[in-house]
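One letter stands for each residue in the lines below.
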Amino acid sequence: MRSVTKAYRPISWPTLGAGGDTGSWRMHRPVVNHELCTKCQFCWVYCPEAVIDRKAITIDYRYCKGCGVCAVECPTGAITMEKEE
Amino acid sequence: MATSIKKLPDIEQVLSGNGACGGCPATMALRMVGKALGPNAIMLLTPACSVASMGMTPKLGYNWPCINITFASAGSSASGITNAVEIMKEKGRFEGELPTVFSWAGDGGTYDIGFQALSAAAERNENIIHFCYNNEAYSNTGVQRSGATPRGTFTTTTPTGKRQPKKNMALLMLEHNIPYVATATVAYPADLYDKVVKAKSIKGMKYIEILAPCYLGWQFDMADTVQLSRMAVRSGAWLLWEADNGRITFNNPTAQFISGKKNPEAVDEYLMKQGRFSRLLQGPDAKERIAEIQGDVDREIAFMRERAKIFI
């Protein structure tokens, strides 16, 4: 009985993926062309999901929702949206 | 001069994989707020999209202690917590630096339902930061009109377009004589970051309002969230300013319109990009409707220009 009470204790803890693996919501996948990338970090700053690595400009596809904000904001056009298979 | 994007801190308070829509401007803004406030803060959430997007128990998408409170009580709950923390410190039950107490409310929890408690908290000058992320409608419940909805907008409760202009909430808060009021938007993250850092350093009631273009409520393509936010500022539909102890200063690019160096762009392009306006701006009276909205925008710019001159 005690363990049941503990399990239903209404406290949440900060965890990655609180909404599940949100990458499955994606319709289009952002792909970075590293030859065009100037590492200006605009995609990193505007990403609502915080899935872009600031230094390497790589995307964590497990959680990326594919909104396309990074592709629109990229000043050199290094990020393109490709249809998800 | 705003902080360069490359100098923003690495800390992330909004964790990946939360339940927000893709391209959500609220999480975009909250990330910048998190960078400025750091982990030592207590977050209060009134019913809003941000509560829905924090994930399901026992997981939490924000890296702060979060408290879900009733709709009308953003101001009063935050006052209670900030006072409790201070008294605990006084009695020696709490060690270390006092946490920043902030409420994160939508425009419903600020403009309409939460206004009474917020106004009272401002009058008492409690040591809190109230953030209003303004998506100009009750987007969480399916886009109903709110006090922040501008004239001519389609919402589910104003199917022929709202007839009244929006109210200037930031100015209302300024008239409470609080130490710091600012407006920001997601397209200018460094500007938002600087304002939050400044608010954190001031003791007393702080109010920061962030324009958050919601692609579902405003009916545009979700990739254009930041573009719409930028267009709102460039057309003068949203003004960027801050008031430090009552003295209003404008931030670029709004400062250029106010000083007359540059004219704001016409609102047409901004309006036509949003389904909530463009679906009503058809037919013979379209020009009059656009002129009416442009009139509201021009009036607001002219009013704020004159209001900024008053400082005693």
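This text follows the structure it describes.
Structure report, in brief. Remember, it's a predicted structure, so these values are computed and weren't measured experimentally.

Rules used in this analysis
- Residues numbered from 1 in each chain as written.
- Chains lettered and ligands numbered in written order.
- Predicted model: local features only at pLDDT ≥ 70, side-chain atom pairs only at ≥ 80, totals over all residues.
- Heavy atoms only, no water.
- Contact = heavy atoms within 4.5 Å.
- Buried area = accessible area lost by both parts, 1.4 Å probe.
- Salt bridge = Lys/Arg side-chain N within 4 Å of Asp/Glu carboxyl O.
- Polar contact = N/O pair within 3.5 Å; in protein donor to acceptor, adjacent residues only side chain to side chain.
- Helix = DSSP H or I, 4+ residues; strand = E, 2+ residues; numbered from the N terminus.
- Axes fitted to C-alpha atoms, helices over the stretch in contact; angles between N-to-C directions.
- Parallel < 35°, antiparallel > 145°, perpendicular 65-115°, else oblique.
- Left-handed = near helix turned anticlockwise from the far one by under 90°.
- Nonpolar A, V, L, I, M, F, W, Y, C, P; charged D, E, K, R; others polar.
- Phe/Tyr/Trp six-rings, centres within 6.5 Å; stacked < 30°, edge-to-face > 60°.
- Buried < 20%, exposed > 50% of the residue type's maximum accessible area, 1.4 Å probe, protein only.
- Pairing = 2+ DSSP bridges.
- Expected span 1.5 Å × (residues − 1).
- Arc of directions from axis to C-beta.
- 1 Å grid on protein atoms, 1.4 Å probe; cavity = no way out; pocket = protein on both sides within 12 Å on 5 of 7 lines; lining within 4 Å.
- Points joined across faces, edges and corners; volume = space filled by probe spheres on them.

**What to know about the interface of chain B and chain A**
Where the parts come together, the accessible area they lose is often given as the size of the interface.
Okay, so step 1: With 43 residues of chain B in contact, the opposing surface of chain A contributes 33 residues.
Okay, so step 2: Summing both sides of the interface, chain B and chain A together bury roughly 3000 Å²; the carbon and sulfur share of this comes to 56%.
Okay, so step 3: When the area that chain B buries against chain A is broken down by residue, the three leading residues are Ile5, Ser16 and Arg31 of chain B, summing to 20%.
Okay, so step 4: On inspection of chain B and its partner chain A, the count reaches two salt bridges.
Okay, so step 5: Residue glutamate 73 of chain A is joined to arginine 230 of chain B by a salt bridge in which the shortest nitrogen-to-oxygen separation is 3.0 Å.
Okay, so step 6: The tally of links between chain B and chain A comes to 24 residue pairs in polar contact (both at pLDDT 80 or more).
Okay, so step 7: Taken together, the elements giving at least two residues each to the side of chain B that touches chain A come down to helix 1 (25-37), strand 2 (59-60) and helix 9 (225-234) of chain B.

**Side note on the packing of helix 1 of chain B against helix 7 (residues 189-201) of chain B**
All names here are of chain B.
Okay, so step 1: Packing of helix 1 against helix 7 brings their axes to within 8 Å, and their N-to-C directions diverge by 45°. It follows from the interaxial angle that helix 1 and helix 7 lie oblique. For the crossing formed where helix 1 meets helix 7, the hand is right-handed. Across the interface between the two elements, Ala29, Met32, Val33, Lys35, Ala36 and Leu37 from helix 1 touch Pro189, Leu192, Tyr193, Val196, Val197 and Lys200 from helix 7.
Okay, so step 2: Its residues assigned to classes, the contact of helix 1 with helix 7 comprises ten nonpolar, no polar and two charged.

**A look at the environment of lysine 203 of chain B**
All names here are of chain B.
Okay, so step 1: Tracing the backbone shows lysine 203 in the loop between helix 7 and strand 7 (206-211).
Okay, so step 2: The spatial distance from the C-alpha of lysine 203 to the C-alpha of tyrosine 180 is 9.3 Å, given a sequence separation of 23 residues.
Okay, so step 3: Apart from the residues within four sequence positions on either side, lysine 203 is in contact with Glu86, Asn127 and Pro179.

**Some words on the packing of aromatic side chains**
Residues and elements named next belong to chain B.
Okay, so step 1: Going through the model one piece at a time under the given rule, you end up with six aromatic pairs over all chains.
Okay, so step 2: With 5.1 Å between their ring centres and 75° between their planes, tryptophan 64 and phenylalanine 102 make a pair best called edge-to-face. Residue tryptophan 64 is found in the loop between strand 2 and strand 3 (66-68), and its partner phenylalanine 102 is found in strand 4 (residues 100-106); the two are separated by 38 residues along the sequence. As far as the burial class goes, tryptophan 64 and phenylalanine 102 line up, both buried.
Okay, so step 3: Where phenylalanine 102 meets phenylalanine 131, the ring centres are 5.6 Å apart and the plane angle is 90°; that geometry is what we call edge-to-face. Of this pair, phenylalanine 102 sits in strand 4 while phenylalanine 131 sits in strand 5 (residues 129-134), placing them 29 residues apart in sequence.
Okay, so step 4: We classify phenylalanine 102 as buried; its relative accessible area is 0%.

**Structural notes on the pattern of salt bridges**
Two side chains bearing opposite charge may form a pair once their charged atoms approach each other closely.
Okay, so step 1: Applying the stated criterion across every chain yields a total of 21 salt bridges over all chains.
Okay, so step 2: We note a salt bridge from arginine 124 of chain B to glutamate 126 of chain B, for which the minimum N-O separation is 2.8 Å.
Okay, so step 3: Taking the relative accessible area as the measure of exposure, arginine 124 of chain B reaches 43% and is therefore partly exposed.
Okay, so step 4: One connected set of salt bridges, linked through shared partners, spans Arg26, Arg29 and Glu84 of chain A.

**Overview of the sheet that holds strand 6 (residues 180-185) of chain B**
Residue and element names in this part refer to chain B.
Okay, so step 1: Reading across the sheet, the eight strands line up as 3-1-4-5-7-6-8-9 and stay open at both edges, with mixed pairing between neighbours. One side of each edge strand has no neighbouring strand; the edge strands of this open sheet are strand 3 and strand 9 (247-250). Along the sheet, successive strands turn relative to each other by an average axial angle of 20°, direction set aside.
Okay, so step 2: In this structure, strand 1 (residues 41-45) lies alongside strand 3, joined through three bridges in parallel fashion. Paired with methionine 43 across the strands is cysteine 66, a residue of strand 3.

**A closer look at helix 13 (residues 286-307) of chain B**
Residue and element names in this part refer to chain B.
Okay, so step 1: For helix 13, with 22 residues, the first-to-last C-alpha span of 32 Å sits near the 32 Å given by 1.5 Å per residue.
Okay, so step 2: The complete set of buried residues in helix 13 reads Ala286, Ile290, Ile293, Gln294, Val297, Ile301, Met304 and Arg307. End-on, the buried residues of helix 13 take up no more than an arc of 160°, which puts them together on one face. Along helix 13, the residues that are exposed and aim more than 90 degrees away from the buried face are Lys287 and Glu288.
Okay, so step 3: Buried positions along helix 13 lie against helix 6 (169-174), strand 8 (241-244), strand 9, helix 10 (254-259), helix 11 (268-272) and helix 12 (275-278).

**As for empty space enclosed by the protein**
All names here are of chain A.
Okay, so step 1: Within the structure shown, the criterion is met by three cavities of 30 Å³ or more.
Okay, so step 2: One number sums up the size of the largest cavity: a volume of about 100 Å³.
Okay, so step 3: Across the lining of the largest cavity, the residue classes tally to nine nonpolar, four polar and two charged.
Okay, so step 4: Here the second largest cavity is characterised by a volume of approximately 80 Å³.
Okay, so step 5: In terms of lining, the second largest cavity is formed by Cys37, Thr38, Lys39, Cys40, Gln41, Cys43, Ile57, Cys74, Pro75, Thr76, Ala78 and Ile79.
Okay, so step 6: In the lining of the second largest cavity, the residues fall into eight nonpolar, three polar and one charged.

**Concerning the pairing of strand 4 of chain B**
All names here are of chain B.
Okay, so step 1: Burial analysis of strand 4 places seven of its seven residues in the buried class, the great majority of the element.
Okay, so step 2: Going residue by residue along strand 4, you find Thr100, Phe102, Trp104 and Gly106 tucked away on one face and Val101, Ser103 and Ala105 tucked away on the opposite face as well.
Okay, so step 3: Where strand 1 lies against strand 4, five bridges are found, and the strand directions are parallel. Looking at strand 4, one finds that leucine 44 is bridged to serine 103.

**Considerations on the side chain of serine 53 of chain B**
Okay, so step 1: With respect to the helices and strands, serine 53 of chain B occurs in the loop between helix 2 (49-52) and strand 2.
Okay, so step 2: Not counting chain neighbours up to four residues away, the residues in contact with serine 53 of chain B comprise Asn18, Gly19, Ala20 and Tyr62 of chain B.

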